[in-house]
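An overview of the molecular structure
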Amino acid sequence: MTIYSELHRLVVSGQLDPKVRIAEADLATRLGVSRTPIREALHRLEGDGLVIAQGRGVRVKVMAIPELADLLSARAGLEGWAVFQAAQRVSAGELPPAALAELAQLADSAASHTRAGDLEQGVDFNRLFHERSAALASNAAISATLALWWDRITVSTKHTLHTPERVEQVDREHRVIIDAVLGGDAAAARDAVEKHILNTRETLLALSEGPQQ
C-alpha cells in the first residue's frame, strides 16, 4: 500500500478528525516514514479536494452544505448519464446476468444494514450500489470522477451520520433504478437516478435548515 493510499484510507474512513489540524510530522511518525512522502501524498489529497493545507500540516476538508448540494446536483447528471449507457448495454445484450444480479444484492445490503442501525455499513453498501450501477456503463472516465466525488461526499458526511429520514423511500428508489437498468430502458434509468440523487439533495437541504419556528 502506498503512502497516498494509506492516507486516503485514513481520511475517507473518518479516522482523522476534521476539527483538528494534522501535522506532517505526526503523520510521518504514525506511518513510520519521512516527511517527504507524507508531504507529497498530502499535496495529492489536496488536489483531490479532501484536505486543506495549513502550514506544515492539513485539515480534512468538510464541504459546507451549499457546496455539497452543488456536488450532488453534478453527480445526478453524470451518474444519470452512466446508467443511461448501462441500460443501453443491457438492451444490446452486452452485460452478463451476474453483473446485474449484484445490483439487487447491494441494494438489499444497503437497506438491511440501515434498518438495523448499522449506518456505516449501510452507507458503504449504498455507495457500492451506485458505483457498480455506474460502472456498468464501462466508462472509466465517469467512474473515476464519480469515485472522487463520492470520496468528498463521504468525508463531508462521515461525522454526522444519523438514521436517514427516508430509508424506505431510498430503497424503493433503488428498486426503480434496478428495474429500469435490467429492462434496458435507458431514459427511465437516467430519470430514476437523477430523481433519486436530487431527492437526497433536497433532504440534505431540509435537514440543514432545521425545524421551523
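Our structure is the block above this text.
Below, the structure is looked at part by part.

Here is what the cut-offs are and how they apply
- Residues numbered from 1 in each chain as written.
- Predicted model: local features only at pLDDT ≥ 70, side-chain atom pairs only at ≥ 80, totals over all residues.
- Heavy atoms only, no water.
- Core = buried A, V, L, I, M, F, W, Y, C linked by side-chain atoms within 4.5 Å.
- Buried < 20%, exposed > 50% of the residue type's maximum accessible area, 1.4 Å probe, protein only.
- Helix = DSSP H or I, 4+ residues; strand = E, 2+ residues; numbered from the N terminus.
- Contact = heavy atoms within 4.5 Å.
- Polar contact = N/O pair within 3.5 Å; in protein donor to acceptor, adjacent residues only side chain to side chain.
- Phe/Tyr/Trp six-rings, centres within 6.5 Å; stacked < 30°, edge-to-face > 60°.
- Lys NZ or Arg CZ within 6 Å of the ring centre and 35° of its normal.

1. Regarding the nonpolar core
- Residues L100, L103, F129, L136, I177, V181 and A189 are the most contacted members of the largest nonpolar core, which totals 35 residues.
- The set of elements that each furnish at least two residues to this core consists of α4 (65-91), α5 (97-115), α6 (119-135), α7 (140-157), α8 (167-182) and α9 (186-209).
- Considering each element in turn, this core owes the most residues, 10 residues, to α4.
- Discounting residues that sit within four places of it in the chain, L100 has contacts with V90, L95, L136, V181 and L182.
- Residues L42, L45, V58 and V155 belong to the second largest nonpolar core, which totals 18 residues.

2. A word on the side chain of E173
- With respect to the helices and strands, the residue E173 is situated in helix α8.
- Of the polar contacts made by the side chain of E173, one reaches the side chain of R166; its length is 3.0 Å.

3. Here's the deal with the packing of aromatic side chains
- This model, assessed by the stated rule, comprises 1 aromatic pair.
- The aromatic ring of Y4 is capped on one face by R44, whose charged end is 3.6 Å from the ring centroid.

4. Overview of the environment of I65
- The residue I65 is located in helix α4 in this model.
- By relative accessible area, which is 28% here, I65 ends up partly exposed.
- Between the alpha carbons of I65 and G47 there is a distance of 20 Å; along the sequence they are 18 residues apart.
- Not counting residues within four places of it along the chain, the set of residues in contact with I65 comprises L204, L205 and S208.

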